[in-house]
Amino acid sequence: MNERDEFLRDRLPPDQVGAPAARPPGPRPRDPHTAAPASPTAAPPLVSRPAPPRPPAPPQQQPRPGLPPVSPPSHPPRPSAPPQRSAVPPQQPPRPGPPPVPPRPAAPPRQAAAPAVAPPREPWADGAFAPVTTPATEPPDRGWRRILRLATFGLVKLGPSAAQRQEAQFEAAIRTVLRGNYKVGVLGKGGVGKTSVAASVGSLFAELRRQDHVVAIDADTAFGRLSSRIDPRSTGSWWELTSDKNLQSFADVVGRLGHNSAGLHVLGGEPASGPRRVLDPAIYREAALRLDRHFTISVIDCGSTMDSLVTHEVLRDLDALIVVSSPWADGASAAARIMEWLSESGPTNLLQHTIVVLNDSDGHADKRTRELLAREFVDHGQPVVEVPFDPHLRPGGVIDVNGEMGSATRRKFLQVTATIAGYFAARSDRAASRRPAVDEASSR
């Protein structure tokens, strides 16, 4: 009995002595009879310590009669591992190129576009004339906008207001280039502010057109007061201007006229002293010819009646007309009769160059009445400008368009003056046919 048998006998129970012994783990021992003889140089085999035997497997349960044999539970098959991706991507088929672009057909020849119809514009916004001041500068700010700019040291600049930009547009239209002589008349019923409108429009022309000479002429035969609204110290009259045959230069002529701070000259009507003399058409014509030699623009304060011969002589040679009306029914009725006379018996195309001024001379005008009267004139094709009440114009003293006149009133008179300047530019061919003014350098 070798060592293996003794080892099994000591550890197996007596009923399993005769059972075949379980093979210990490890390589199966070779048969000594069939094993190849070891080489003399080979090392002796190492004797490994046997591992403890495995516990015996439980006896299998015999199936009971009449019952089907119970099969051991089967484990679900493990899912096969996904195939590993190859490191080299498979070659893809070449993509088809973009389809060829068909050649574009030749474009048809362009036709000339029809000229766009421009919307109607104001007379002072006509593009046929350009302002004298070519560089367009932004008007300076005033009032609280200027205070805010100064308080923030220029960090906050709101710029000019909409009213200031509108004033700048009116002033640019007034400064248009005019060649020749132009005359504008002022008509209206007595007491509607006709003389104040003439003095204000003439002062704005003189202020904004320093390159030209502007004169206001009193052609009202019913005790005109134009010189008192411009220069009360003026003593010249029609008869003094026409009787002196030695008046040749500009300095000789202005010696017989008055002027104000804006640069507007004025020729009074009746003499301040002496017997009353009535103006007649021949005297007016002779004086107008002398003034045309030195003055580019003449603002003529006409009489309050249409049957005056002097008024007919004035209207015959006008380029534009201002009809002044009060914002009441009686004043508007007189203005409507003037319009009717102009359409029937007036000079050719003068009605198309006429503007209506609704002047609130006393401050008691009703807003609804003003709107109705303005709409009535507009419906007949006449532009209308509403001048608000200004205390500076009420007392009857000298009119100051820069310092004393209110900003809203000045803005309205700027609009009237700009409209007249547009009428002048539209009738430049007619003004060129008149006797041109003497060159300024030779007249001084």
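Residues numbered from 1 in each chain as written. Predicted model: local features only at pLDDT ≥ 70, side-chain atom pairs only at ≥ 80, totals over all residues. Heavy atoms only, no water.

Remarks on the nonpolar core
One recurring pattern in soluble globular proteins is that nonpolar side chains are buried together. Spelled out, the test is: To define a nonpolar core, start from buried Ala, Val, Leu, Ile, Met, Phe, Trp, Tyr and Cys residues and group those joined through side-chain atoms within 4.5 Å. Throughout this description, buried means an accessible area under 20% of the type-specific maximum (1.4 Å probe, protein chains only), exposed means over 50%, and partly exposed covers the range between. Contacts between residues were defined by any pair of non-hydrogen atoms, one from each residue, lying within 4.5 Å.
Formed by 44 residues in total, the largest nonpolar core has its most connected members in Phe205, Ile322, Phe413, Ile420 and Phe424. Setting aside its immediate chain neighbours within four residues, Ile322 contacts Val184, Gly185, Val186, Leu187, Val197, Val201, Ile355, Val357, Val416 and Ile420. If you look at the next biggest cluster of nonpolar residues, it comprises 41 residues, including Leu187, Ile300, Ile338 and Met339.

A look at the packing of helix α3 (residues 162–174) against helix α12 (residues 407–426)
To keep it simple, the criterion reads: What counts as an axis is a line fitted to C-alpha atoms, over the stretch in contact for a helix, and the angles between N-to-C directions run from 0 to 180 degrees. Numbering of helices and strands runs from the N terminus, with a helix taken as a DSSP run of H or I at least four residues long and a strand as a DSSP run of E at least two residues long. Handedness of each helix crossing follows the sense of rotation of the near helix against the far helix: counterclockwise by less than a right angle gives left-handed, clockwise gives right-handed. All residues other than Ala, Val, Leu, Ile, Met, Phe, Trp, Tyr, Cys, Pro, Asp, Glu, Lys and Arg, Gly among them, are scored as polar; the first ten of these are nonpolar and the last four charged.
For the pair α3 and α12, the least separation of the axes is 8 Å and the interaxial angle reads 35 degrees. Read as a crossing pair, α3 and α12 show a hand that is left-handed. Between α3 and α12, the residues in contact are Ala163, Gln166, Glu167, Phe170, Glu171, Ala173 and Ile174 and Ser407, Arg410, Arg411, Leu414, Gln415, Thr417, Ala418 and Ala421, respectively. When its residues are assigned to classes, the contact of α3 with α12 shows seven nonpolar, four polar and four charged.

Structural notes on the pairing of strand β1 (residues 182–188)
Selection rule: For two strands to be treated as a pair, DSSP must find at least two bridges joining them.
Of all seven residues in β1, seven are buried, a share of seventy percent or more. Side chains of β1 alternate between two faces, with Tyr182, Val184, Val186 and Gly188 and Lys183, Gly185 and Leu187 buried alike. Both β1 and strand β6 (residues 320–325) contribute to a ladder of five bridges, which runs parallel. Paired with Leu187 across the two strands is Val323, which belongs to β6.

Here's the deal with the side chain of Asn260
To be explicit about the condition: Within 3.5 Å is the distance limit for a polar contact, defined as a pair of N or O atoms, with the added protein rule that one can donate a hydrogen and the other accept it, and that residues adjacent in sequence qualify only through two side-chain atoms.
On the secondary structure map, Asn260 appears in the loop between β3 (258–259) and β4 (265–267). Judged by its relative accessible area of 11%, Asn260 is buried. Of note is the side chain of Asn260, whose polar atom sits 2.9 Å from the backbone nitrogen of Leu264. If we ignore the near neighbours within four places in the chain, the residues touching Asn260 are Ser203 and Ile230.

Describing the packing of aromatic side chains
Here is the rule we go by: In summary, the pairing rule links any two rings of Phe, Tyr or Trp, Trp by its six-membered ring, whose centres are within 6.5 Å, and it sorts them by plane angle into stacked for under 30 degrees, edge-to-face for over 60 and tilted for everything else.
For the coordinates displayed, the defined rule picks out four aromatic pairs. Centroid distance Trp238 to Tyr284: 5.4 Å. Interplanar angle 50 degrees. Geometry classified as tilted. Highlighted residues: Trp238 in helix α6 (residues 238–243) and Tyr284 in helix α8 (residues 281–292), separated in sequence by 46 residues. Their ring planes at 55 degrees and their centres at 5.7 Å tell us that Phe250 and Phe295 sit as a pair that is tilted. With Phe250 in helix α7 (residues 250–254) and Phe295 in the loop between α8 and β5 (297–301), the pair connects residues that are 45 residues apart, well separated along the chain. Like Phe250, the residue Phe295 is buried in the burial classification. Each residue in the set Tyr182, Phe205 and Phe424 is aromatic and connected to the rest through ring pairs, giving one cluster.

Description of the pattern of salt bridges
Where we set the bar: Should a side-chain nitrogen of Lys or Arg be within 4 Å of a carboxyl oxygen of Asp or Glu, the pair is scored as a salt bridge.
Tallying each qualifying case throughout the model produces 15 salt bridges. The partner of Lys183 in a salt bridge is Asp317, and the shortest N-O contact between them spans 3.6 Å. Highlighted residues: Lys183 in strand β1 and Asp317 in the loop between α9 (309–315) and β6, separated in sequence by 134 residues. On the accessibility criterion, Asp317 (23% relative accessible area) is partly exposed. Across the salt bridge formed by Asp231 and Arg233, the nearest N and O atoms sit 3.3 Å from each other. You can call Asp231 buried: its relative accessible area is 6%. On the accessibility criterion, Arg233 (68% relative accessible area) is exposed.

Examining the sheet that holds strand β8 (residues 384–387)
With respect to topology, eight strands assemble into an open sheet ordered β3-β4-β2-β5-β1-β6-β7-β8, the strand pairing being mixed. Only two strands of the sheet have a single partner each, and these edge strands are β3 and β8. Sheet analysis places β6 next to strand β7 (residues 354–359), joined by five bridges and oriented parallel. Paired with Ile322 across the strands is Ile355, a residue of β7. Together, β1, β6 and β7 form the strand contacts of helix α10 (residues 329–345), whose direction differs from that of β6 by roughly 155 degrees. Contacting β1, β5, β6, β7 and β8, α12 crosses the sheet at an angle of about 155 degrees to β8.

A look at the confidence of the model for the protein
What counts is decided by this rule: pLDDT: the predictor's confidence for each residue, scored from 0 to 100.
Within the protein, residue pLDDT values average 75, and 60% of them lie at 70 or more. pLDDT under 50 marks residues 31–48. Its contacts with residues more than four places away, or in other chains, come to one contact. Note that residues 70–75 has pLDDT below 50 and, in this model, zero contacts with residues that lie over four places away or in other chains.

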